[in-house]
Amino acid sequence: MAKTALVTGILGQDGPYLAKFLLGKGYKVYGMVRRYSNPNFDNLDFLGITKKVEYVEGDMTDESSLITNIKNIQPDEVYNLAAQSFVGGSWHQAKLTTEINALGVLYLLNAIKLFSPTTKFYQASTSEMFGLGNTNGYQDENTCFHPRSPYGISKVYAYWTTVNFRESYGLFTCNGILFNHESPIRGIQFVTRKITDGVAKIKKGLADKLYLGNLEAKRDWGFAGDYVEAMHLMLQQEKPGDYVVGTGESHSVQEFVELAFKYVGLDNWRNYVVTDPRYKRPAEIHELKAKTDKVKKILGWQPKMPFEELVKTMVEADLKRYEH
Ligand code: NAP
Ligand code: F7E
């Protein structure tokens, strides 16, 4: 019989990539949508799978909706991707971020524990939990957490709740500690997509300037389509565990900017980019870089798309969007 998976956050960036991957493996995929009155299927449309997913209603802050879904579906696997995931916005909506990202995970795990205890659970943890926790310039599964934003703090709670349900109740729960991963369907406020969209607009004569914050910050950027495979692999192991997933390379925001402008033949990016304090954060993380020995060794996972190709793929997709 086909396996069933419930994916929360189905309308975001990772949800559609994961759903496409699972559908390709023969899964029946349920996607949880919070406002069924006005869902936006653009990202699923982009990957051509909107009609292949079965949608259910539910909100991470509404415990009864999570209980109903777990009871009704009894999924083999739950991938919890739903979150208020924008770090920059988390200072302005710290309580909401905490309710969705932290308490929501407690509600979902309780629902699994009570109504479908054999369900395997994946939690979308993040390199933002590390913050200033730095081991010789990289982060791995043994690095201390020192989050720098309400988002990072909420995810630390969710991480430990996921571990605790494993240790207390024997549930099969895993944390994927994913470093930044991007794609042509990345949310428009995240810096990579903001840059590729801005470059495309400037190239097409639709804008003159691109307003950015801290150009010196460095991140370990990979391709979302590669990373969802690691999520799935975690739930196929004999034992549950927590894994760092990244490329092992870091690049600055400025490097991303330079490559994106260069790709469209605009060599002097300084003519277009304006530094705007509105996009600087109250507390910044200067550099994040993954050490991925565990995920390589135990899951046999490796990223496929190199940095330059990621930038090119995103710029090309945004140029295409402005051709219509
Ligand atoms: P995303 O594009 O922001 O998608 C998040 C999804 O969560 C959205 O579809 C959103 O629904 C949904 N959501 C928000 N609040 C909700 C609520 N109260 N109830 C139910 N659904 C809710 O994020 P992503 O980039 O795909 O990331 C997926 C997950 O991985 C997130 O948990 C993120 O924190 C984590 N993560 C991401 C990265 C990365 O680099 N992308 C790295 C590490 C960890 P709407 O469409 O209705 O707004
Ligand atoms: O910022 C700097 C900014 O918003 C990256 C989420 O998916 O990955 C993501 O979080 C860097 C930061 O992503 C602008 O200060 C400069 O240093 O693209 P971002 P993020 O904060 O790293 C992690 C792993 C997650 O878990 C999150 O859910 O870029 N930056 N100028 C800017 N950032 C933005 N957004 N906008 C700017 O204009």
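Not measured: the values here are computed from a predicted model.

Reading guide: rules and limits
- Each chain carries its own residue numbering, running from 1 in the direction its sequence is written.
- Chains carry letters from A onward and ligands carry numbers from 1 onward, assigned in written order.
- In keeping with the model being predicted, local features are shown solely for residues with a pLDDT of at least 70 and side-chain atom pairs are shown and tallied solely at 80 or more, while totals for entire chains, interfaces and linings include all residues.
- As a rule here, side-chain values come from all non-hydrogen atoms in the structure, and water together with hydrogens is ignored.
- Under the pairing criterion, centres of Phe, Tyr and Trp rings, with the six-membered ring standing for Trp, must be within 6.5 Å; the plane angle then separates stacked pairs below 30 degrees from edge-to-face pairs above 60, leaving the rest tilted.
- To qualify as a helix, a DSSP run of H or I must reach at least 4 residues; to qualify as a strand, a run of E must reach at least 2; elements of each kind are numbered from the N terminus.
- Relative accessibility under 20% of the residue-type maximum defines a buried residue, over 50% an exposed one, and the middle range a partly exposed one, all with a 1.4 Å probe and only protein chains included.
- Strands were regarded as paired on the criterion that DSSP finds at least two bridges between them.
- Here, axes are lines fitted to C-alpha atoms. For helices the fit covers the stretch in contact, and angles between N-to-C directions go from 0 to 180 degrees.
- Throughout, a residue-residue contact means that at least one pair of heavy atoms, one from each residue, lies within 4.5 Å.
- Read the arc as the range of directions from the helix axis to the C-beta atoms.
- Throughout, nonpolar core names a set of buried Ala, Val, Leu, Ile, Met, Phe, Trp, Tyr and Cys residues whose side chains join them through atoms within 4.5 Å.
- Domain segmentation is taken from an automatic or database assignment of domains.
- Any residue with a heavy atom positioned within 4 Å of a molecule or strand is treated as near that molecule or strand.
- Two N or O atoms form a polar contact when they lie within 3.5 Å of each other; inside protein one atom must be a possible hydrogen donor and the other a possible acceptor, and for residues adjacent in sequence the pair counts only when both atoms belong to side chains.
- All accessible areas in this document rest on Shrake-Rupley with a 1.4 Å probe, and a residue is counted as covered only by the protein chains that are shown.
- Each residue receives one of three labels: charged for Asp, Glu, Lys and Arg, nonpolar for Ala, Val, Leu, Ile, Met, Phe, Trp, Tyr, Cys and Pro, and polar for the others, Gly being one of them.
- Each cavity reported here is a set of points on a 1 Å grid over the protein atoms alone in which a 1.4 Å probe fits but cannot get out, each pocket an open set with protein on both sides within 12 Å along at least five of seven lines, and each lining residue one with an atom within 4 Å of a point.
- Grid points are joined across faces, edges and corners, and a volume is the space filled by probe spheres set on the points.

1. Description of the packing of aromatic side chains
Move 1: Scanning the model with the defined rule gives 15 aromatic pairs in all.
Move 2: Look at Phe-130 and Phe-145: their rings are 5.6 Å apart centre to centre, the planes differ by 45°, and that puts the pair in the tilted class. Placement of the pair is Phe-130 in the loop between β5 (120-126) and α6 (150-169) and Phe-145 in the loop between β5 and α6, with a sequence separation of 15 residues.
Move 3: On the basis of relative accessible area, Phe-130 is assigned to the buried category, the value being 0%.
Move 4: A relative accessible area of 24% means that Phe-145 is categorised as partly exposed.
Move 5: With centroids separated by 5.8 Å and ring planes inclined at 75°, the aromatic side chains of Phe-256 and Phe-307 adopt a geometry described as edge-to-face.

2. Considerations on the sheet that holds strand β4 (residues 77-80)
Move 1: As summarised here, the arrangement of the seven strands in space is β3-β2-β1-β4-β5-β6-β11, forming an open sheet in which the pairing is parallel. For this open sheet the edge positions go to β3 (54-57) and β11 (242-245), each flanked by a neighbour on one side alone. Going from strand to strand, the sheet's axes swing by 20° on average, the running direction of each strand aside.
Move 2: Pairing between strand β1 (residues 4-8) and β4: four bridges, direction parallel. In the strand pairing of β4, Leu-6 is matched with Val-78.
Move 3: Sheet contacts for helix α1 (residues 14-24): β1, β2 (28-33) and β4; angle to β1, the most-contacted strand, approximately 175°.

3. Examining helix α9 (residues 253-263)
Residue pairs three or four apart in sequence face the same way in an α-helix, which turns once every 3.6 residues.
Move 1: Within the span of α9, buried status applies to Val-253, Phe-256, Val-257, Ala-260 and Phe-261. Down the axis of α9, the buried set is contained in an arc of 125°. They therefore lie on one face.
Move 2: Those residues of α9 that are buried are in contact with α7 (191-203), β8 (210-212), β12 (251-252), β13 (273-275) and α11 (307-321).
Move 3: With its phi angle positive at about 80°, Gly-265 sits one or two positions after the end of α9.

4. Topic: the nonpolar core
Move 1: Tyr-79, Tyr-122, Ile-195 and Phe-261 are the most contacted members of the largest nonpolar core, which has 61 residues in total.
Move 2: Counting the residues that make up this core, at least three belong to each of domain 1 (4-181 + 221-245) and domain 2 (187-219 + 250-286 + 306-321).
Move 3: Sequence-distant contacts of Tyr-79, defined by excluding residues within four places in its chain, comprise Ala-5, Leu-6, Val-7, Thr-8, Leu-18, Leu-22, Tyr-122, Met-231, His-232, Leu-235 and Gln-236.
Move 4: Membership of the second largest hydrophobic core comes to 20 residues, among which are Met-60, Leu-66, Ile-100 and Phe-165.

5. Observations concerning the site of ligand 2
Move 1: In the vicinity of ligand 2 lie 23 residues, with Ser-85, Thr-126, Tyr-151, Arg-281 and Glu-284 positioned nearest.
Move 2: Contact distances for ligand 2 include 2.8 Å between an oxygen atom and a side-chain N or O atom of Asn-180.
Move 3: Between an oxygen atom of ligand 2 and a side-chain N or O atom of Arg-281, the distance comes to 2.6 Å.
Move 4: Coverage of ligand 2 by the protein amounts to 96% of the 690 Å² it exposes when considered alone.
Move 5: Taken together, the residues of the shell around ligand 2 sort by class into ten nonpolar, seven polar and six charged.
Move 6: Here the shell around ligand 2 spans two domains, since at least three of its residues come from each of domain 1 (4-181 + 221-245) and domain 2 (187-219 + 250-286 + 306-321).

6. Some thoughts on the site of ligand 1
Move 1: By nearness alone, 26 residues border ligand 1, and Asp-14, Arg-34, Asp-59, Ser-85 and Tyr-151 come closest of all.
Move 2: Elements supplying a minimum of two residues to the shell around ligand 1: β5 and α6.
Move 3: Looking at which element gives the most residues to the shell around ligand 1, the answer is β5, with three residues.
Move 4: Residues of the shell around ligand 1, tallied by class, amount to eleven nonpolar, nine polar and six charged.

7. A look at empty space enclosed by the protein
Move 1: Enumeration according to the criterion identifies one cavity of 30 Å³ or more in this entry.
Move 2: Forming the boundary of the largest cavity are Val-87, Trp-91, Glu-128, Arg-148, Ser-149, Arg-219, Arg-281, Ala-283, Glu-284 and Ile-285.
Move 3: Among the residues making up the lining of the largest cavity, the classes are represented as four nonpolar, one polar and five charged.
Move 4: A domain split of the lining of the largest cavity shows at least three residues from each of domain 1 (4-181 + 221-245) and domain 2 (187-219 + 250-286 + 306-321).

Everything listed is a geometric property; what it means functionally is a separate question.
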